[in-house]
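Survey of secondary and tertiary structure
These are the residues of each chain, in order.
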Amino acid sequence: MAVSVRHKAISVLAITGRIINEVVSFVIFSILDLLDFLLCFVYKVADFFIEAEWKPCYCSSTKEAITSSGKILVSEQGESKIVRLCSSKLQLEEISDTLYSRPSLVSDVSKSTVNELKRLKLEGTTFQFCENMKKGTVRSSFTVNSTIVEMLQGKIGGQQAHPVPRWSDCDCKLCTSWSSSCKDTLFVHAEGAKDNAREDVLFIHGFISSSAFWTETLFPNFSTSAKSTYRFFAMDLLGFGRSPKPTDSLYTLREHLDMIERSVLEPYKVKSFHIVAHSLGCILALALAVKHPGSVKSLTLLAPPYFPAPNGEAATQYVLRRIAPRRVWPLIAFGASIACWYEHISRTVCLLICKNHRIWEFLTKLVTRNRIRTFLLEGFFCHTHNAAWHTLHNIICGAAAKLDGYLETVRDNLKCDVTIFHGRDDELLPVECSYNVRSIIPRARVKVIENKDHITIVVKRQKEFAKELEEIWRKASG
């Protein structure tokens, strides 16, 4: 009887807590919707006075935004692409619709107002262009607004590029070291066998992180035998750490993959390799494995962000709501919601934290008396808002519809071992993500680590994890 009463009390408390969380979240995020709307105008004015140019953003109710340096965003119902103007051809790249379509109270009101105003005006000049597939079939068509027509007629060539860095980005030596280099490649930390290395290992970090996530944890803990057998490559992804952070990039899947190939596979002549990837890096790892199916010897994924969308629901929008549920609790969900839903609030966070990261790092060392290593903070701070915003939407959300195909290709066309690690206490990406992957790839082995979360699945258990990786590589090569 007492047990039954206790269970009922717990259920009532849980329901009450959920209701309070939803009510408070609705109020807080309604205020944030309004704040982001107002910050849009603040940054337009600031950009104009500081850089003498309006900074395009995704607040427009229309599905178009013009970036810079010859890139145009166009869209049609169901898909969005970048038109990249080259000397002899137009290149199309897919982007995520979550960049410009994130429903909110303020956006819905402003959208309806704009639509009413548009009815009183003449429609802009439009035209369509088609990209023909091989054998003469039509691949896709787009409707382009008159503003883009004018740009195509010659205004692109004279458009001024944004300065590097932008006024709201950090200009310290660490964050801008790439701009003084003549090489347009990623920062790569290479260790291990110098000569006669039998195999190579690629380490791909997650969102707002850096190669230090691996080099400060795993690399010192690999055995002497492993260091004489393998070459280890940990790169800072495009837009993060000490890698290039171009202001005119939209950080699409193709751009990230091209940079990994150009920075690691080609210069180091990597032919056959193992992949170890964390969080967002798992998406890049799967895409890389599908692109090089005969080269991958093993695939180790840590906390893969895989949420299969229900039938009839857009995968991009579904993933956005899963990783950023617009809730104030838990705090990690609140932080993810700020990063995903609010372009200008997240830019303000970057302005306050990333631009002033030297101050925050100094305060951290002062408070802790320099007793803790700050490589995680350095990885978190060393990025630009443009890089984080576009990578988040174009990779985690934008690649959501592709993941089913990637996983099926790994299952059917690749023979490599697939191992998945996930922290039981991961509040950002639940354990179900890893089991979702195994539902597509039955041979995948899922190992859930008790009492570990999204970060401590590696940090604080690096010695054990280094041994587990070496065992995975030995079996794959056996």
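Below: a short report on this structure. (Residues numbered from 1 in each chain as written. Predicted model: local features only at pLDDT ≥ 70, side-chain atom pairs only at ≥ 80, totals over all residues. Heavy atoms only, no water.)

**As for the environment of Trp214**
Along the chain, the position of Trp214 falls in helix H5 (residues 212–215). With a relative accessible area of 0%, Trp214 lands in the buried category. Considering only alpha carbons, one finds Trp214 and Val458, 244 residues apart in sequence, at a separation of 8.6 Å. Discounting residues that sit within four places of it in the chain, Trp214 has contacts with Phe203, Ile204, His205, Phe219, Ala234, Val276, Ala277, His278, Val458 and Phe465. (Helix = DSSP H or I, 4+ residues; strand = E, 2+ residues; numbered from the N terminus. Buried < 20%, exposed > 50% of the residue type's maximum accessible area, 1.4 Å probe, protein only. Contact = heavy atoms within 4.5 Å.)

**Details of the sheet that holds strand S6 (residues 188–192)**
Taken in spatial order, the seven strands of this open sheet run S6-S8-S7-S9-S10-S11-S12, and their pairing is mixed. Taken across any chain shown, the strands that pair with only one partner, and hence form the sheet edges, are S6 and strand S12 (445–449). Going across the sheet, the axis of each strand differs from the next one's by a mean of 15°, ignoring polarity. Pairing of strand S9 (residues 273–278) with strand S10 (residues 296–302) involves six bridges; the strand directions are parallel. Its bridge partner being in S10, His278 is matched across the sheet by Leu302. Contacts between helix H8 (residues 280–291) and the sheet are confined to strand S7 (199–204), S9 and S10, with S9 contributing the most and set at about 155° to the helix. (Pairing = 2+ DSSP bridges. Axes fitted to C-alpha atoms, helices over the stretch in contact; angles between N-to-C directions.)

**A short note on the packing of aromatic side chains**
Where two aromatic rings form a pair, the distance of their centres and the angle of their planes describe that pair. Across all of its chains, the model carries 22 aromatic pairs by this definition. Aromatic side chains Tyr43 and Trp167 sit 6.3 Å apart centroid to centroid with 35° between the ring planes, which places their arrangement in the tilted category. Of this pair, Tyr43 sits in helix H1 (residues 2–51) while Trp167 sits in the loop between helix H3 (146–155) and helix H4 (173–176), and the two are 124 residues apart along the sequence. Both rings, one in Phe232 and one in Trp473, keep their centres 6.0 Å apart while their planes meet at 35°; by these two values the pair is tilted. Within this pair, whereas Phe232 is found in strand S8 (residues 230–235), its partner Trp473 is found in helix H17 (residues 462–477), the two being separated by 241 residues in sequence. (Phe/Tyr/Trp six-rings, centres within 6.5 Å; stacked < 30°, edge-to-face > 60°.)

**Quick notes on the pattern of salt bridges**
One pass over the full model with this rule turns up 20 salt bridges. With its nearest N and O atoms 3.6 Å apart, the salt bridge here joins Asp184 to Arg262. Of this pair, Asp184 sits in the loop between H4 and S6 while Arg262 sits in helix H7 (residues 253–265), and the two are 78 residues apart along the sequence. For Arg262, a relative accessible area of 35% translates into the label partly exposed. With a shortest N-O distance of 2.8 Å, Arg474 and Glu471 are connected by a salt bridge. Here Arg474 pairs with Glu471, and both are found in helix H17, just three residues apart, close to one helical turn. Overall, Arg474 belongs to the partly exposed group, its relative accessible area being 46%. The class of Glu471 is partly exposed, set by a relative accessible area of 32%. Salt bridges here are not isolated pairs; linked through shared partners, they connect Asp47, Glu51, Arg166 and Arg347. (Salt bridge = Lys/Arg side-chain N within 4 Å of Asp/Glu carboxyl O.)

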